[in-house]
Structures are given as structure tokens and as C-alpha cells.
Amino acid sequence: MNRQNSLFPGWGALALVRRNLLVWRKLLLPSLLGNFIDPLLYLLALGYGLGHYVGRMEGMPYLTFIASGIVASSAMNTATFEGLYSAYTRMAVQQTYLSLLATPLQIGDIVMGELLWCAVKGAISAVAIVLVAAFFGAVDWAWAWLALPIILLTGFVFGAMALAVTALSRSYDFFMYYFTLAITPMFLFCGVFYPLHSLPKLAQMLAGLLPLTHAVLLLRPLLTGHLPSQVPLHLAVLGAYGLFGYGIAAYLLRRRLLR
Amino acid sequence: MPTLPRLELCALHKNYGGRAVLQGVSLAVGVGECYALLGPNGAGKSTTIRCIQGLTPLTSGTILLDGLPLAQWPAGGHEFMGVVPQGDQLDPDFTVEENLWIYGRYFGLPKGQIRQRSRELLALMMLTEYAHRPLQVLSGGMRRRLAVARALIHAPRLLLLDEPTTGLDPQARHLLWTRLRTLQREGVTLLLTTHYLDEAERLADRVGILDGGILLAEDTPSMLIRTHIPGDVLELRRRDGMLPDPENWHEGRVAAAERAGDTLLLFDRDLDPARAHFAAEPQYQLLLRPATLEDVFLRLTGRELREEAS
Ligand SMILES: Nc1ncnc2c1ncn2[C@@H]1O[C@H](COP(=O)(O)OP(=O)(O)OP(=O)(O)O)[C@@H](O)[C@H]1O
Ligand SMILES: [Mg+2]
């Protein structure tokens, strides 16, 4: 059995999570401030501004509706940023991955470590929004604690997709395409700002194939006091994206690093 | 070789897109032995080191650590291997000391042990006063020393050093040599690459000369010199910048000769006739000296800097 360069994760992943956490801690204040200010702007502008005209949506105030959507999209955005820009810096600029491969850490540990960190980063920003939304009375706490594992899973999934893109990139420029072609469409069409059934049938079906849709369909009920329906389906789609994303990212990263 | 081989490279081949970069490199390094790999730029030294680390998949060949193929060691044997890569690969997000701490954690070492070893290693590499400084304030040589300290955090039995002293001042080089000799006495096996031939001569038990992915020669420094250089060396240069001995007077009159840039090197047991001949010409500068490893290197790898044939 070859015990070199395994694509399967081990405990070494946690050492990388810890490394990233230590770096983040050094920039704690500005980073946290950003996490709060960004959602605050969205909630104020859309929740109040737009909400004034929209009124209620799906039986809840628009601010409440949109807050849960932004929790999901924020986990997506933060994890994607981490999996693209920060991971690329570590991979290509700082050569952190190469120095990790000189230790007992394997490719699998690096990928798992980065993705767990993407999940944590996504969760930090998503929880910040939950807190801000709660301040405006837009959160029902009955089932809200169940949102945390879903948020972490969402961060993991988008981190995995981003890391796969990173492993293919030759420069930071490439990432704009990924945002324009993948992240922005999901942000706009996956039920963050309006319910999916307002879209034409075909668009609804397409949106059903995208991971953010399922994150929103799980998080919105949980944050507004209900249990979601079709939980196994949503978890299965997110799980599949996470698993395939992990596999592809690990494969591509090994191909890139070991030459 | 003094003892059992700790590291064995068996017929390593590596191709990059059809271009052979390693063409059957085989060598063995014993427990507590220091082996220096020399070779011109692009010879395949770093590639060899990367192969041992498992960073470069081999086209064919096997690498054994303590008799067991690396592929069968947990984590490719990295628990027992320390590496100083050609680029330092230090972590710019951390201070000097944190670099050691964080690296120790990757090996799963307990915190107390890491703290203690980092203190020792920083003192050893004369970096104690920089312990809490960010990496950016370090000079190139200090970074190099930190990279060595980092490679030693888990007390490896095999230390791979890719040009460890490039950019070090003489004091720092001596410091590092002293430390490496201490490690060697403790039984650590050293494989290093270098472009400083005096370094190889002083430090290495054995030297291998690599060129174009082929190991051309391998022996103790003194045996290499004795085998490849007949006698002493006479260096000839001209004050007017012209190439010495344009008519090749030396041909047939000395045992061997080699041109290196504007210098002509003559090798023979008796160089008196040649010295007498050129001393008569006023623009010639002469230097008669004992042969060194550098002469071996120049003879074996060809005199002129070659453009990479791609
Ligand atoms: N990833 C790669 N893809 C293609 N060719 C490569 C790659 N890495 C190294 N090479 C080639 O392999 C050859 C050996 O490179 P290597 O880095 O091992 O040389 P070296 O002996 O360490 O040289 P130097 O003294 O300059 O450090 C070079 O010709 C280099 O161009
Ligand atoms: Mg090199």
C-alpha cells in the first residue's frame, strides 16, 4: 500500500485548521468588523428599503425572509473567498502547502484542513448575520441552533468547489470568472431574495441543481421557527457537492503540487 | 561507507514531458554520514531531494529509508526526515518563533517539547533576539538559518539540505557547519547539495558529482581529487584580458588541462616547465597550487557554462 500522498484526510487536517485560526486571530478585530458591517448594510438596504415596498413575503416580514437567505449566501461567499484567494495565496505565493508536505501531512490532510477552515470562516460570517438579524427581531430561536451544522456544511461545500478552481488557476484573475459564472448566479437565482416558485418552471429546475438552493431551503425554516421539509433531499444534494468537491479538489491539488 | 545505509536511492529516473532529468541515479548514505551532491545548475540536485520527499513522483526507481521503501513508511517517512528546501518556504504569517511552533505541531509534537526545542534551536542558530519579530525583518541569511532550525524541530534522523548555505556570511556558514557536524556525531544522516566546493570538501564524508541527471563520480573528496587530478594545478590568466595560451602550447606538455572562463588550468605532477615557459611572458599571471574539489568539478562537468539544451 502506498502511504505517501494520500487523498484521504487524517488528523493532520486539524493542525492546518489551527494554523489558519492563529493567523485569523491576529487580524481578529478588522475581520470581525467586516463580518458584521457587510450583512448590516444588506439587511438595512434590502430589508428596510426594499421591504418597505414588498411588505410580507411567504407570510413573514421581508426583513425576516431575506435575513435567512443572506445567512446562507454569506456562508457561501465567505467560504468561496477563503477557498479562492486565501487558499491560492497559501498554495502558490507562500508555498505553505509545499512546506506542509514536508511534514507528515498528506494532500488529504491539507484539503480537509482547508475545507474545515472554509466551513468555520463561513460559519463565523453567517453567525454574525444571525446575530444582527436577531437584533432586528428577524430570528425565531425555536430551531435556530440546528442551523449551525447546516451553515458549516454549506461552507464546506462552497470551500470545496472553490479549492478545486484554485487548484486549476494560474493567477488570481481567473477567480473573477468563477464569481461571475457560478457564485453571482446562485446569489441571484437560488431563493435568497425571493421564493423559488416565482421563477419559471425550467429555471426552478435548474436552481434545484445548485447547492445554494438547498442551503436556503434548509436554513430559512430553521431560522424562522419551523422544521424544513424534504430534509434528506437537501442534505443529499449538499453532501454530494461536498463529497465530489472534496474528491476533485484533492485530485487536482495533488496533480498541481506533486510534479 | 561507515555503517548501514540509512538512505538508498536505487536507479532513480525522472522525466519531465519526455526530457530525462534524472537518468538512473543510485547512491547510498550511511547512518551518521554526510553526503554532498554537487552539480551545475539544472543537474537534477533539487529534483533528487524532492523525490526523496515524495514531492516528485518518480518515473521509475526506488528510495529506501532504513531498508524499507519510502512508500511503505507512514507519511512517506516524513516523521524521520527534516528538509531545508532551496526556497525557504517559511510561513510569512507568523513570527520567527511561531514558525517553529506551528511546524512542530504538524509533527504532532507536544507543546512543551516544541517550546523547549524552539528555544534551543533559535539559540543554536543565533536567532534568539529575533524570536518575536515578524519574518519580514529577517535578512536572507537569517531566513536560511531559520529554515535549518525549523527542519530540526522534530529531531530527524535524515536531514536533506538543498543549498543550505547559499546567502550565508562566513560566520554563519561556520556556525552551520559546526552544527551539522554535531548532528552527524549524533548519528544524523545528512544529504546536502551545494555550489560551494570548499563546503563539500570540509563537510562531506563523500561527494557525488551529478550532471544532466547522471552521477558522474562519487567518492571521498581526497580520493576524487587523487583519481581525477594528476598532481598540482597551475592557473594562468592574462592581465590584458585575452585568453591565455592561444596557440595551445600546453597541449602534449602537461597531463591535463581545462579552460574555465578567462583561466587556463594545467594539471600535472611536474609543472615546472610550464611555469618557466609562461613566467617568461610579462602579461601572464601564474598561480601554482594544490588540486581542489573545484578542479575535479570543472574537469568532470566540462569547462564552460552550458546553455540548457531543451
Ligand atoms: N516541474 C518541472 N517541470 C519541468 N521541468 C522541470 C521541473 N522541475 C525541474 N525541471 C527541470 O529539471 C532539471 C533539473 O532541475 P533541478 O531543480 O533539479 O536542478 P538543480 O540541480 O537543483 O539546479 P540548481 O543548481 O540551479 O538549483 C532542470 O533542467 C529543470 O528545468
Ligand atoms: Mg536546485
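What you see is a predicted model, and the numbers here were worked out from it, not measured in a lab. (Residues numbered from 1 in each chain as written. Chains lettered and ligands numbered in written order. Predicted model: local features only at pLDDT ≥ 70, side-chain atom pairs only at ≥ 80, totals over all residues. Heavy atoms only, no water.)

## Quick word on the pattern of salt bridges
Residues and elements named next belong to chain A. Keep this limit in mind: A pairing counts as a salt bridge when a side-chain nitrogen of Lys or Arg comes within 4 Å of a carboxyl oxygen of Asp or Glu. Only protein chains enter the accessibility calculation, which uses a 1.4 Å probe. A residue is then buried if its area is under 20% of the maximum for its type, exposed if over 50%, and partly exposed in between.
Under the criterion given, the structure shown has 21 salt bridges over all chains. Across the pair Glu-82 and Arg-90 runs a salt bridge whose closest N-O atoms are separated by 3.1 Å. A single burial state applies to Glu-82 and to Arg-90, both of which are buried. Three or more residues are tied together by salt bridges with common partners; here these are Glu-82, Arg-90, Glu-114 and Lys-121.

## Examining unusual backbone geometry
All names here are of chain B. What counts here: By definition, any uninterrupted DSSP run of H or I lasting at least four residues is a helix, any uninterrupted run of E lasting at least two residues is a strand, and each is numbered from the N terminus.
With a phi close to 50 degrees, Asp-66 is a non-glycine residue in the positive phi region. As for its position among the elements, Asp-66 is in the loop between strand 4 (60–65) and strand 5 (68–69). You can call Asp-66 partly exposed: its relative accessible area is 30%. For Gln-89, which is not glycine, the phi dihedral falls at a positive 55 degrees. Mapped onto the fold, Gln-89 is located in the loop between strand 6 (81–84) and helix 2 (96–106). By relative accessible area, Gln-89 is classed as buried at 16%.

## Some words on empty space enclosed by the protein
Applied cut-off: The way it works is a 1 Å grid over only the protein atoms, where trapped points that fit a 1.4 Å probe form a cavity and open points with protein on both sides within 12 Å along at least five of seven lines form a pocket, and then any residue with an atom within 4 Å of a point lines it. Grid points are joined across faces, edges and corners, and a volume is the space filled by probe spheres set on the points.
By the definition in use, this model includes one cavity of 30 Å³ or more. Its boundaries defined by the atoms lining it, the largest cavity holds a volume of some 40 Å³. Lining the largest cavity we find Ser-99 of chain A together with Asp-91, Asn-99, Ile-102, Tyr-103, Tyr-106 and Arg-150 of chain B. Broken down by element, the residue count for the lining of the largest cavity peaks at four residues, all from helix 2 of chain B.

## Comments concerning the packing of helix 9 (residues 211–223) of chain A against helix 10 (residues 231–257) of chain A
Residues and elements named next belong to chain A. Test applied: Note on definitions: angles span 0 to 180 degrees between N-to-C directions of axes, and those axes are lines fitted to C-alpha atoms, for helices only across the stretch in contact. Roughly parallel means an angle under 35 degrees; roughly antiparallel, over 145; roughly perpendicular, 65 to 115; everything else is oblique. Crossing handedness is defined as follows: a turn of the near helix away from the far one that is anticlockwise and smaller than a right angle gives a left-handed crossing, while the clockwise case is right-handed. We call two residues in contact when some of their heavy atoms are within 4.5 Å. Only Asp, Glu, Lys and Arg are considered charged, only Ala, Val, Leu, Ile, Met, Phe, Trp, Tyr, Cys and Pro nonpolar, and every remaining residue, Gly among them, polar.
Contact geometry for helix 9 and helix 10: axes closest at 9 Å, N-to-C directions at 140 degrees. As the angle between them shows, helix 9 and helix 10 are arranged oblique. You can see that helix 9 and helix 10 cross each other, and the crossing is left-handed. Contacts between helix 9 and helix 10 involve Pro-211, His-214, Ala-215, Leu-217 and Leu-218 from the first element and Val-231, Leu-233, His-234, Leu-235, Val-237, Leu-238 and Tyr-241 from the second. A per-class count over the contact of helix 9 with helix 10 returns ten nonpolar, two polar and no charged.

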